[in-house]
Amino acid sequence: MYAVSSPNSQYVVAKFGGTSVANFESMNNCADIILANANVRVVVLSASAGVTNLLVALATGCDSDKRENYLKQIRDIQYAIIDRLNDVAVVREEIDRLLENIEMLSEAASLATSDALTDELVSHGEVMSTLLFVELLHQRNTDAEWFDIRRIMRTNDNFGQAEPDSLQLHTLAMENLHARLNNTIVITQGFIGKEEKGRTTTLGRGGSDYTAALLGEALGLQRVDIWTDVPGIYTTDPRVVPAAKRVEKIAFDEAAEMATFGAKILHPATLLPAVRCGIPVFVGSSKDPKTGGTVVCDKTKNPPLFRALALRRKQTLLTLHSLKMLHARGFLAEVFTLLLRHNISVDLISTSEVSIALTLDTTGSTSTNGSLLTNALLTELATLCRVEVEEDMALVAIIGNELSQAKGLGKRVFGVLESFNIRMISCGASSHNICLLVPGKDAEQVIQTLHQSLFES
């Protein structure tokens with residue numbers, strides 16, 4: 001990795017999600033947080049809540065009535081903020097220009113859409129929220145500057161899931177942002193970037209968090225603050241288990257495992273830049289910042305055996321039976337080559353003498369039925385083996401430390417789950433997790449039972 005210079009090490013990058021900038025009141029809460037900490041010098045914003053979904057709907061192509069309705073909803077969200085601002089002539093003109101551009105692009109999408117067009121359309125949400133937020137800060141007599149992140153966030157052309165070039169980002173950030181931080185607060189966009197031909201790209205799920213962490217790394221900042229609608233990371237989802245407790249401090253490895261297996265507070269990729277340079281990440285609620293939050297750091301003292309439970313729904317279990325596996329070579333290679341050709345990523349795997357069980361994560365599937373298993377894929381698999389498919393499964397992950405070395409673990413975990421059908425178990429590959437595949441209808445009860453046994457007893 002590149003060497004990070006230190007002049008900005010006292011500064012903080014703060015990221016605010018869509019619910020944090022949903023309306024005028026929410027934006028004012030964000031301004032309060034920023035003005036309460038003089039070290040916050042870079043602010044990364046998502047689009048106002050609801051706007052991205054509306055832009056995605058427009059990008060998929062729709063008839064004129066739906067298009068007009070979606071455009072009106074976007075306009076109403078933005079104008080509800082504008083109408084609360086003072087001296088809005090300039091920002092109103094900018095927002096109107098962007099709304100006209102959205103309308104033009106959505107008309108083009110109704111004729112023929114593409115991933116590149118989708119990214120261009122969707123990026124308008126972040127551009128509008130940052131323009132409005134700068135105006136709000138000016139209204140509060142705060143020196144703030146709008147900055148287009150595409151000037152420095154260079155990516156590949158994998159539209160929808162673009163990967164930033166960290167080396168270019170470091171160079172361009174030091175050239176274009178470094179000196180500004182001593183004199184002003186820089187307000188910029190999360191989630192978006194630009195590929196080498198100048199076309200706008202998006203970074204995919206968790207893109208705004210990722211942007212903040214990348215900027216923290218590139219500029220050598222002191223901390224990354226992620227402000228969302230929940231006050232930190234909990235032992236499990238409090239909506240499933242009201243007795244869930246907040247984790248005050250958690251290691252990067254543990255938080256990454258939680259994010260990977262379904263916890264929605266942070267996306268796993270978000271942590272990578274912070275891990276690379278050891279920058280701590282704080283997670284707190286913009287609605288109630290005084291309640292504190294969770295610090296994600298390199299290591300914690302005396303980490304517990306059990307840290308948290310994560311739940312990921314919409315899992316598919318694929319079981320492949322073939323006598324070709326018996327004392328033979330090459331069957332697994334054939335199966336995985338076939339899955340690769342169909343762009344299928346395998347999650348968990350278990351094998352026996354004559355069968356393989358694989359789990360597929362369909363939470364991000366964009367197909368109409370939510371399944372990754374196309375007729376073409378199933379037909380090809382049927383030429384190799386007998387195929388069984390079980391859908392609507394759920395993955396329960398027990399996150400902890402040195403789990404592979406703990407004695408009596410099986411009794412503590414499985415003893416309380418004797419009344420449930422555990423379809424698949426995966427452990428040993430990581431000392432930080434044990435994964436259980438259960439029917440989707442039992443998922444919440446499994447989480448509640450485990451939490452009571454492991455965290456409340």
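Whatever comes next refers back to the structure up there.
On a predicted model such as this, the values are computed, not experimentally measured, just so you know.

Chemist: How do you make sense of the sheet that holds strand 15 (residues 355-361) when you look at a structure like this?
Modeler: One key point about sheets: their strands pair by backbone hydrogen bonds, in either a parallel or an antiparallel sense. Strand order in this open sheet of six strands is 14-15-13-16-18-17, and the pairing throughout is antiparallel. Pairing within the sheet leaves two strands with one partner each, and these edge strands are strand 14 (349-351) and strand 17 (424-427). Taken over all neighbouring pairs, the strand axes of this sheet differ in orientation by 25 degrees on average, direction set aside. Sheet topology places strand 17 next to strand 18 (residues 433-439); four bridges connect them, and they run antiparallel. Paired with Cys427 across the two strands is Ile434, which belongs to strand 18. Relative to strand 16 (residues 386-400), helix 12 (residues 375-382) is tilted by about 105 degrees, and along the sheet it contacts strand 13 (306-321) and strand 16.

Chemist: Explain the side chain of Asn28 here, please?
Modeler: Relative to the elements of secondary structure, Asn28 occurs in helix 1 (residues 24-35). Here Arg140 takes part through its side chain, which lies 3.0 Å from a polar atom of the side chain of Asn28. Setting aside residues no more than four positions away along its own chain, Asn28 makes contact with Leu136 and Arg140.

Chemist: How should a negative patch on the surface be read in this particular structure?
Modeler: On the surface, Asp63, Asp65, Glu68, Glu100, Glu103 and Glu107 cluster together to form a negatively charged patch. Of all the secondary-structure elements, those providing two or more residues to the negative patch are helix 3 (64-82) and helix 4 (89-111). If you tally residues by element for the negative patch, the top one is helix 4, at three residues. Inspection of the secondary structure assignment puts Asp65 in helix 3. Using a relative accessible area of 60% as the deciding quantity, one classes Asp65 as exposed.

Chemist: Could you clarify how one ought to interpret empty space enclosed by the protein in this entry?
Modeler: Over the atoms, a rolling probe the size of a water molecule traces out where space has been left empty. Applying the stated criterion to the full structure yields two cavities of 30 Å³ or more. In this model, the largest cavity occupies a volume close to 40 Å³. Around the largest cavity sit Ile233, Ala255, Met258, Ala259, Ala263, Ile265 and Leu266, which together line it. With three residues, the single largest contributor to the lining of the largest cavity is helix 9 (residues 252-260). Residue composition of the lining of the largest cavity, by class: seven nonpolar, no polar and no charged. Volume-wise, the second largest cavity comes out at about 30 Å³. Around the second largest cavity, the lining residues are Thr19, Ser20, Ser26, Asn29, Ser286 and Lys287. Partitioning the lining of the second largest cavity into residue classes produces no nonpolar, five polar and one charged.

Chemist: Help me understand the state of the cysteines, please; the structure alone is not making it clear to me.
Modeler: A covalent bond between the sulfur atoms of two cysteines is referred to as a disulfide. With the rule as written, the count across this model stands at zero disulfides. Among the cysteines around Cys277, which has no disulfide bond, Cys297 carries the closest sulfur, lying 14 Å off. Using a relative accessible area of 33% as the deciding quantity, one classes Cys277 as partly exposed. No disulfide involves Cys435; its sulfur sits 9.2 Å from that of Cys427, the nearest cysteine.

Chemist: Can you help me understand unusual backbone geometry in this one?
Modeler: Of all residues except glycine, most have a negative phi; of all peptide bonds, most are trans. In this structure, Asn302 is a non-glycine residue whose phi angle is positive, near 50 degrees. Topologically, Asn302 is positioned in the loop between strand 12 (293-297) and strand 13. Non-glycine residue Lys314 carries a positive phi angle of around 55 degrees. Among the secondary structure elements, Lys314 is positioned in strand 13. Overall, the relative accessible area of 42% leaves Lys314 in the partly exposed class.

Conventions adopted
Residues numbered from 1 in each chain as written. Predicted model: local features only at pLDDT ≥ 70, side-chain atom pairs only at ≥ 80, totals over all residues. Heavy atoms only, no water. Pairing = 2+ DSSP bridges. Helix = DSSP H or I, 4+ residues; strand = E, 2+ residues; numbered from the N terminus. Axes fitted to C-alpha atoms, helices over the stretch in contact; angles between N-to-C directions. Contact = heavy atoms within 4.5 Å. Polar contact = N/O pair within 3.5 Å; in protein donor to acceptor, adjacent residues only side chain to side chain. Patch = residues over 30% accessible without salt bridge, like charges linked within 9 Å, V, L, I, M, F, W, Y side chains within 5 Å. Areas by Shrake-Rupley, 256 points an atom, 1.4 Å probe, with all protein chains shown as cover. Salt bridge = Lys/Arg side-chain N within 4 Å of Asp/Glu carboxyl O. Lys, Arg positive; Asp, Glu negative; His and termini not counted. Charge placed at Lys NZ, Arg CZ, Asp CG, Glu CD. Buried < 20%, exposed > 50% of the residue type's maximum accessible area, 1.4 Å probe, protein only. 1 Å grid on protein atoms, 1.4 Å probe; cavity = no way out; pocket = protein on both sides within 12 Å on 5 of 7 lines; lining within 4 Å. Points joined across faces, edges and corners; volume = space filled by probe spheres on them. Nonpolar A, V, L, I, M, F, W, Y, C, P; charged D, E, K, R; others polar. Disulfide = S-S within 2.5 Å.

Keep in mind that these numbers describe shape and distance, not what the molecule does.
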